[in-house]
Amino acid sequence: MFLDTANVKEIEAMQVFHWLTGVTTNPTLLAKEIGKSRAVISREILSILHDEQRLFVQATGETQEALYDDAQAILSLDTRIALKIPADEIGFRVITQLKQERPDIEILATAIFSVEQSYLAALAGCEWVAPYVNRMANQGLDAKQVVASTAELFKQLEAPTKILGASFKNTAQVIDTLLAGATDVTIPSNLIQVIMHNKLAADSIHVFNQDAKGEKI
Ligand code: G3P
């Protein structure tokens, strides 16, 4: 499980549980951390991640050159950073370029709304694809089916590309995505809190605690 945030406090709070494979950020999440640059936030996050935990940072740019330069700027920040590159034509051009130059770089193809994008990402040698589950649902798309078909296709192709489900607004979407065959999910901190503060569980736990103290409720 990854944490989908650029907030250092949220990551610190979650690190205690040893659940995290890493952290995913995007430009929108970074923009919420007012007054801090991407480089500063990335270094702060890396300082609290263990060596084996990945930090994904997303490159931006409206031309191939701009996107490529931004990817290089991200990679120069720290060797533990993996790249997120959007899965459109410019993105695939940059992914191809980067993979030719440095095959060791780990790339996650992001902004995935179709099995077809994931197919191209697997052919391009991406280590990860990130289907945007809630954003698909907002467009009336069957995100669970998209993830299931992607998993089936990767299996058939024997592609090593992993599916990292992203863009979740409720916990059912997370579980549906995993059951559909996603290797991993990246979840906002508030959804992990929702799971840990299940109202029915809280009611039962309250009764147990009262009974343990011999108190009538
Ligand atoms: O990591 C990408 C994903 O976080 C987008 O999520 O919640 O903005 O749809 P969201």
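Structure first, text after, so check above.
Scope of this entry: the structure provided in the associated data block. (Residues numbered from 1 in each chain as written. Predicted model: local features only at pLDDT ≥ 70, side-chain atom pairs only at ≥ 80, totals over all residues. Heavy atoms only, no water.)

## Focus: the packing of aromatic side chains
Test applied: Here a pair means two rings of Phe, Tyr or Trp (six-membered ring of Trp) with centres within 6.5 Å. Their orientation is stacked below 30 degrees between planes, edge-to-face above 60, and tilted elsewhere. A helix here means a DSSP run of H or I that spans at least four residues, while a strand means a run of E at least two residues long, and both kinds are numbered starting from the N terminus. Whether a residue is buried, partly exposed or exposed follows from its accessible area with a 1.4 Å probe, protein chains only, as a fraction of its type maximum: under 20%, in between, or over 50%, in that order.
As enumerated under the stated definition, the model contains five aromatic pairs in all. With a centroid separation of 5.8 Å and an interplanar angle of 55°, the aromatic rings of F2 and F56 are classed as tilted. Of this pair, F2 sits in strand β1 (residues 2-4) while F56 sits in strand β3 (residues 54-58), placing them 54 residues apart in sequence. The same class applies to F2 and to F56, which are both buried.

## Brief notes about the pairing of strand β4 (residues 81-86)
Regular strands have side chains that alternate between both faces of the sheet. Applied cut-off: Note on pairing: two strands pair once DSSP finds at least 2 bridges between them. Viewed with both strands pointing away, a crossover whose connecting path from the first strand over the helix to the second turns clockwise is right-handed.
With six of six residues buried, β4 lies mostly within the body of the structure. Residue alternation in β4 divides its side chains into two sets, I81, L83 and I85 and A82, K84 and P86, and both sets are buried. Where β3 meets β4, four bridges bridge the pair, whose relative direction is parallel. Paired with F56 across the two strands is A82, which belongs to β4. Considered for its hand, the β-α-β crossover made up of β3, helix α4 (residues 64-75) and β4 is right-handed. Following the chain from β4 across helix α5 (residues 89-101) to the adjacent parallel strand β5 (residues 107-112), one finds a crossover that is right-handed.

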